[in-house]
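Structural description and commentary
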2 protein chains.
Amino acid sequence: MHAWLTDQIAEGFAATFRIGDTLYDHRSPYQHIRVVTNAHFGRMLVLDDAVQTTERDEHYYHESLAHLALCAHPRPRRVLIIGGGDGGLLKEVLRHPVERVIMVEIDAEVIAISRRFLPAVCRGAFEDARAAVRIDDGIRFVAEAREAFDVILVDSPDPKGPALGLYSGDFYDGLRARLAPAGVLAVQSGSPLFQADLLRTIRALMASRWPVVRTALVTVPTYPGGLWSLTLATSGADPAAISAHVLGAQIAGMHLRYYSPALHHAAFEVAAAVVAEIEQGAPHARAGSTLP
Amino acid sequence: MHAWLTDQIAEGFAATFRIGDTLYDHRSPYQHIRVVTNAHFGRMLVLDDAVQTTERDEHYYHESLAHLALCAHPRPRRVLIIGGGDGGLLKEVLRHPVERVIMVEIDAEVIAISRRFLPAVCRGAFEDARAAVRIDDGIRFVAEAREAFDVILVDSPDPKGPALGLYSGDFYDGLRARLAPAGVLAVQSGSPLFQADLLRTIRALMASRWPVVRTALVTVPTYPGGLWSLTLATSGADPAAISAHVLGAQIAGMHLRYYSPALHHAAFEVAAAVVAEIEQGAPHARAGSTLP
C-alpha cells in the first residue's frame with residue numbers, strides 16, 4: 001500500500017500525489033510542514049496538505065509571479081516579497097539587476113527546511129548579498145516599514161487562519177503605502193476555477209486603490225486544476241500593454257524555462273474571458289466559494 | 001458518502017472529481033461511457049475513467065487543437081477529424097469558412113450521448129450541412145480514403161487497446177497520404193509531464209515524414225496536471241512563425257474564450273523547453289512511461 005497526498009482545493013475536486021518517501025514531517029507554530037517525494041515531481045513542499053512547490057515544476061509559478069511583475073516595471077531596484085519562504089521567488093527576482101530584496105516570511109522553519117531539502121528551488125538565493133530575510137508577519141511589516149519598493153510580490157497562502165489578514169483592506173492600505181510611484185504590486189490570487197471569490201476579492205481590494213488592475217492566468221501543474229491566477233496593480237503603465245521588445249530586453253540572458261514575452265501577453269489575454277465571467281457571476285464564479 | 005471519479009493518468013498522480021449525479025453509464029463495444037455531473041465543471045463525459053470533456057472547460061482543449069491547426073493553414077477548405085465524437089472539435093472547425101469537414105468516429109454511442117447530454121459542447125455542429133460523420137475506424141479510413149485534406153486533426157484517446165494503432169507508422173503513412181500539399185496535421189500528444197514517451201513517439205513518427213514538427217503546450221484544467229501537448233506537422237509554413245496579424249485575421253469575429261494569437265505563440269514557446277528536456281531524456285522524460 002502506498003500513501004497518497006490529497007490536495008483538495010474545493011468540495012468537488014482534488015489533485016492526488018502518491019508519496020514515495022517522507023523526508024520531513026513537523027508542525028511548526030504556524031502550519032504542518034512536510035517534504036515528500038513523488039515519482040513525477042521529485043521533492044515536494046507541502047503546507048497543511050496543500051502543495052506549495054516541487055523540484056520539477058517550481059519554475060512555472062515562480063518565474064510567472066516574479067517576471068510578470070518585474071518586467072512590467074521599467075527599472076526595478078527595490079523589491080519586497082511577502083511570504084515565499086521556499087526561496088523560489090527570491091531566486092527569480094535576483095536574476096534581475098535589483099539593488100535590494102527584502103523577503104518577509106512568518107515561519108522560519110519553512111526557510112530552513114527549503115534550504116535543507118529543496119536546494120534546487122532556492123539555489124543561491126539566500127546567500128545573495130542583495131537579499132535580506134525578515135522573520136516577521138507580512139501584515140505588520142507593511143504597516144510599520146517606512147521605505148518604498150518598486151515591486152511588491154505577495155506569495156500568499158490559502159485564505160484561512162492567520163493568512164486571512166492578507167485579504168484585508170488594512171493590508172492593502174499598507175501595500176499601497178509601501179509601493180513607490182509607478183510601482184507594481186503582484187499577488188497570487190488563487191485558482192480561477194475553484195477560488196473565484198478569492199480572485200474577485202483581491203481584484204476589488206486593488207481596484208479601489210490603483211487605477212490599473214490586471215489578472216494573468218498561468219499554468220502550474222501541481223496546483224489543482226493546473227490553471228492559476230496572478231493579479232497585478234499599478235499606478236504606472238499597463239502591464240499587459242508593454243511591448244514584447246521591452247519585455248525581451250528585461251529577461252535577456254536569463255535562460256528561463258516558462259516565462260517569455262509571448263507568455264506574458266497570452267497570460268493576460270487568457271484571463272480576460274475568465275475574469276469577465278467571474279465578475280458577472282457566470283459559471284466559474286458560482287463554482288467555488290472560499291472566503292468566509 | 002459521495003462517489004469520486006479518479007482519473008489516474010500515471011502511477012503517481014491523479015485528478016479526482018466528486019460525482020454529483022450519474023446521467024449515463026453504459027459499456028459500448030469499445031469503451032465504458034459515462035456522463036456525470038461535478039459542482040465545478042458541470043456535465044462531464046468520461047470514457048474508461050478518463051475525463052474527455054466537460055461543459056465548463058471544453059473550450060480550452062477544443063479551441064486549441066482546432067485553431068492552432070486551422071490558423072496555421074493559409075486557407076483551410078477540407079478538414080478531417082479522427083475521433084472527436086463529442087463534437088466539440090467539429091464545432092470549433094466549423095467557425096472557419098471551411099467547405100467540408102469529415103469526422104471519423106469509431107463509437108456511434110459517444111456521438112449519440114454527446115448530442116443528448118452535452119448540447120453545449122457540440123452546439124449546432126452535427127446539424128451543419130458542411131459536416132459529414134462516418135462511423136468507422138480512423139486507421140482504416142485514412143488507409144482507404146482517396147481525397148486530400150488541408151487540415152487533419154487527430155483527437156486520439158490514450159494509447160491502449162484498439163487505440164494503439166493510432167500510434168503506428170502505418171497510421172502516419174495514411175495521414176501523410178491524405179494530407180494535401182502544405183496541409184497541416186495536428187495531434188493531441190498527451191501530457192508532457194506524465195506521458196513523455198507518448199509525446200516522444202508522436203514527434204518521432206512525424207519527424208520522419210514531415211520537415212516541420214512543432215509541439216504546443218496549452219492548459220486543460222480537467223486533464224491531469226492541467227498542462228497538455230498538441231503536436232503539429234506540415235510541409236508548409238512553420239505554424240509557430242505565423243504573424244499575430246495573420247492569425248488574428250483568421251479568427252476575426254469568432255469571440256473565442258481561450259485561443260488568441262498571443263496564446264498561439266506562447267503555446268509553442270512554452271513547449272520548447274519541455275520538448276528539449278524530453279528529447280534529451282531529462283527529468284520529465286523519465287517520469288512516465290506510457291507506451292508498451
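Here we summarise the structure given alongside this text. (Residues numbered from 1 in each chain as written. Chains lettered and ligands numbered in written order. Predicted model: local features only at pLDDT ≥ 70, side-chain atom pairs only at ≥ 80, totals over all residues. Heavy atoms only, no water.)

This part covers the packing of aromatic side chains. Across all of its chains, the model carries 20 aromatic pairs over all chains by this definition. On the numbers, 5.8 Å between centres and 85° between planes, the contact of Phe171 of chain B with Tyr172 of chain B is edge-to-face. Residue classification places Phe171 of chain B among the buried positions, given a relative accessible area of 0%. Within the aromatic cluster, the residues linked to one another by ring pairs are Phe13 and Phe194 of chain A together with Phe17 and Phe41 of chain B. (Phe/Tyr/Trp six-rings, centres within 6.5 Å; stacked < 30°, edge-to-face > 60°. Buried < 20%, exposed > 50% of the residue type's maximum accessible area, 1.4 Å probe, protein only.)

This part covers empty space enclosed by the protein. Inspection of the entire model under this criterion finds three cavities of 30 Å³ or more. Of the pockets and cavities examined, the largest cavity occupies roughly 150 Å³. Along the walls of the largest cavity sit 18 residues, with Tyr258 and Leu263 of chain A together with Thr219, Tyr258 and Leu263 of chain B positioned nearest its centre. Those elements that provide at least two residues to the lining of the largest cavity are strand E12 (212-219) and helix H9 (261-279) of chain A together with strand E12 (212-219) and helix H9 (261-279) of chain B. When its residues are assigned to classes, the lining of the largest cavity shows 16 nonpolar, two polar and no charged. Every residue lining the second largest cavity is counted, 14 residues in all, and those nearest its centre are Phe13 and Gly225 of chain A together with Phe13, Ala15 and Gly225 of chain B. Mapped onto the lining of the second largest cavity, the elements with two or more residues apiece are strand E2 (13-18) of chain A together with strand E2 (13-18) of chain B. At three residues, E2 of chain B tops the list of elements feeding residues into the lining of the second largest cavity. (1 Å grid on protein atoms, 1.4 Å probe; cavity = no way out; pocket = protein on both sides within 12 Å on 5 of 7 lines; lining within 4 Å. Points joined across faces, edges and corners; volume = space filled by probe spheres on them. Helix = DSSP H or I, 4+ residues; strand = E, 2+ residues; numbered from the N terminus. Nonpolar A, V, L, I, M, F, W, Y, C, P; charged D, E, K, R; others polar.)

Attention shifts here to the layout of surface pockets. When its volume is computed, the largest pocket comes out at roughly 1000 Å³. Surrounding the largest pocket, 44 residues form its lining, Gln31, Ser156, Pro157, Asp158 and Ala163 of chain A being those nearest its centre. Elements that contribute at least two residues to the lining of the largest pocket include exactly strand E1 (4-10), strand E5 (42-47), strand E6 (50-54), helix H1 (58-70), strand E7 (78-83), strand E8 (100-105) and helix H5 (138-144) of chain A. Counting residues per element, the lining of the largest pocket draws most heavily on E1 of chain A, at four residues. Per-class residue counts for the lining of the largest pocket are 20 nonpolar, 14 polar and 10 charged. Taken as a whole, the second largest pocket encloses approximately 810 Å³ of empty space. As for the second largest pocket, its lining consists of 39 residues, and the residues nearest its centre are Gln31, Leu47, Ser156, Pro157 and Asp158 of chain B. Of all elements in the fold, only strand E1 (4-10), strand E5 (42-47), strand E6 (50-54), helix H1 (58-70), strand E7 (78-83), strand E8 (100-105), helix H5 (138-144) and strand E10 (149-155) of chain B reach the threshold of two or more residues within the lining of the second largest pocket. No other element matches the three residues that E6 of chain B contributes to the lining of the second largest pocket. Classifying every residue of the lining of the second largest pocket by side-chain character gives 20 nonpolar, 10 polar and nine charged. Of the domains in this structure, domain 1 (3-54) and domain 2 (58-278) of chain B are the two that each give at least three residues to the lining of the second largest pocket. (Domains from an automatic or database assignment.)

Residues and elements named next belong to chain B. With respect to the element layout, Arg116 can be found in helix H3 (residues 108-117). For Arg116, a relative accessible area of 57% puts it in the exposed group. Every residue in contact with Arg116, bar those within four places of it in the chain, is listed here: Tyr24 and Arg43. (Contact = heavy atoms within 4.5 Å.)

Just distances and angles here, no functional claims.
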